[in-house]
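Okay, here's what each chain looks like letter by letter:
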Amino acid sequence: MKKVFSFLSLMLCISTLSFAQSPAVSAESANVKVTYGQPSKKGRVIFGGLEKFGTVWRTGANGATEITFKKDVKFGGKSVKAGTYSLFSKLGEKEWTIILNSELKQWGAYGYDKIKDKNVAEVTVPVKTLKEVVEKLTIATDDKTLTISWDTTSVAVPMEF
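Numbering of residues begins from 1 in every chain and follows the order in which that chain's sequence is written. The predicted origin of the model limits local features to residues at a pLDDT of at least 70 and limits the giving and counting of side-chain atom pairs to 80 or more, whereas totals for whole chains, interfaces and linings rest on all residues. Note that the side-chain values use all heavy atoms of the structure and ignore hydrogens as well as water.

**Side note on the nonpolar core**
Step number 1: What is meant by a nonpolar core is a set of buried Ala, Val, Leu, Ile, Met, Phe, Trp, Tyr and Cys residues, joined one to another through side-chain atoms within 4.5 Å. Relative accessibility decides the category of a residue: with a 1.4 Å probe and only protein chains considered, values under 20% of the type maximum give buried, values over 50% give exposed, and everything between is partly exposed. Formed by 28 residues in total, the largest nonpolar core has its most connected members in Ile67, Phe69, Phe75, Trp96, Ile98, Leu100 and Leu146.
Step number 2: Comment: elements are numbered from the N terminus, with helices defined as DSSP H or I runs of at least four residues and strands as E runs of at least two. Those elements that provide at least two residues to this core are β2 (32-37), β4 (61-69), β5 (73-75), β7 (83-90), β8 (95-101), β9 (119-126), β10 (128-141) and β11 (145-160).
Step number 3: Top element by residues in this core is β11. It accounts for 6 residues.
Step number 4: Note on contacts: a residue pair is in contact if any heavy atoms of the two residues lie within 4.5 Å. Beyond its immediate chain neighbours, meaning those up to four positions away, Leu146 contacts Val34, Ile67, Phe75, Leu87, Ile139, Ala140, Thr141, Val155, Ala156, Val157 and Met159.

**Digging into the pattern of salt bridges**
Step number 1: A carboxyl oxygen of Asp or Glu within 4 Å of a side-chain nitrogen of Lys or Arg is what we treat as a salt bridge. The full count for this structure, using the stated rule, is 6 salt bridges.
Step number 2: For Asp151, the salt bridge goes to Lys41, with nearest N and O atoms at 3.2 Å. Remark: Lys41 occurs in the loop between β2 and β3 (56-57) and Asp151 occurs in strand β11; sequence separation between them is 110 residues. Accessibility classification places Asp151 together with Lys41 in one group, the buried group.

**Re the packing of aromatic side chains**
Step number 1: Any two of the Phe, Tyr and Trp rings considered here, Trp counted by its six-membered ring, make a pair once their centres fall within 6.5 Å; the pair's planes then place it as stacked at under 30 degrees, edge-to-face at over 60, or tilted in between. Across all of its chains, the model carries 9 aromatic pairs by this definition.
Step number 2: Where Phe47 meets Trp150, the ring centres are 5.9 Å apart and the plane angle is 85 degrees; that geometry is what we call edge-to-face. Placement of Phe47 in the loop between β2 and β3 and of Trp150 in strand β11 is noted, with a sequence separation of 103 residues between them.
Step number 3: Between Phe69 and Phe161, the aromatic rings sit 6.4 Å apart at their centres with planes inclined by 50 degrees, giving tilted as the arrangement. One end of the pair, Phe69, is in strand β4; the other, Phe161, is in the segment after β11, and 92 residues separate them in sequence.

**Some remarks on the pairing of β7**
Step number 1: The pairing of β3 with β7 spans 2 bridges and is antiparallel. Looking at β7, one finds that Val56 is bridged to Lys90.
Step number 2: Both β4 and β7 contribute to a ladder of 5 bridges, which runs antiparallel. What sits directly across from Thr65, in β7, is Leu87.
Step number 3: Relative to β8, β7 runs antiparallel, the two sharing 5 bridges. Paired strands, as defined in this entry, are two strands with at least two bridges between them according to DSSP.

**Brief notes about unusual backbone geometry**
Step number 1: Despite not being glycine, Lys105 has its phi angle at roughly 60 degrees, a positive value.
Step number 2: With respect to the helices and strands, Lys105 occurs in the loop between β8 and α2 (112-115).

**As for the sheet that holds β10**
Step number 1: Strand order in the open sheet formed by 4 strands is β6-β5-β11-β10, and the pairing between neighbours is antiparallel. Either end of the sheet is taken by a strand with one partner, and the two such strands are β6 (78-80) and β10. Taking the axes of each pair of neighbouring strands and ignoring which way they run, one obtains an average angle of 45 degrees across the sheet.
Step number 2: Of the pairings in the sheet, the one linking β10 to β11 comprises 7 bridges and is antiparallel in character. Bridged to Ala140 within β11 is Thr147. Only the stretch in contact is used when fitting a helix axis, every axis being a line fitted to C-alpha atoms; angles between N-to-C directions are given from 0 to 180 degrees.

Dropping the structure here:
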């Protein structure tokens, strides 16, 4: 009986955690695919509130966002080989540093300090303030730009293939 109760308790915990996660979505163009957890604003202050300035963010929810380049790319002017990378962002009020890291399958940015020596590229881009609120984190690509938008904040990284 104890084993059955323990098993049921475990299953309840697992199902609760799985329902609490943000949905995984992807953005794709001819040469780029981005897979990320898509959190919602839900009335919260996002940047400078939920996500603190000066910290490294997983650029999404749940596992770290992953970006795949099908060809070599100039990512914000930095040469990056074709492949898949974790995408992190160091948040600032006026600019963000977008980071590509070769260590995959990271849960959030909790272990970032242990893997930061595997950074492949760091690109600093200006923050743009949006007039309209973006309720759900949205990452978009058109092979020329990678755009990250959420709440009233947007950043864009130019790309050349």
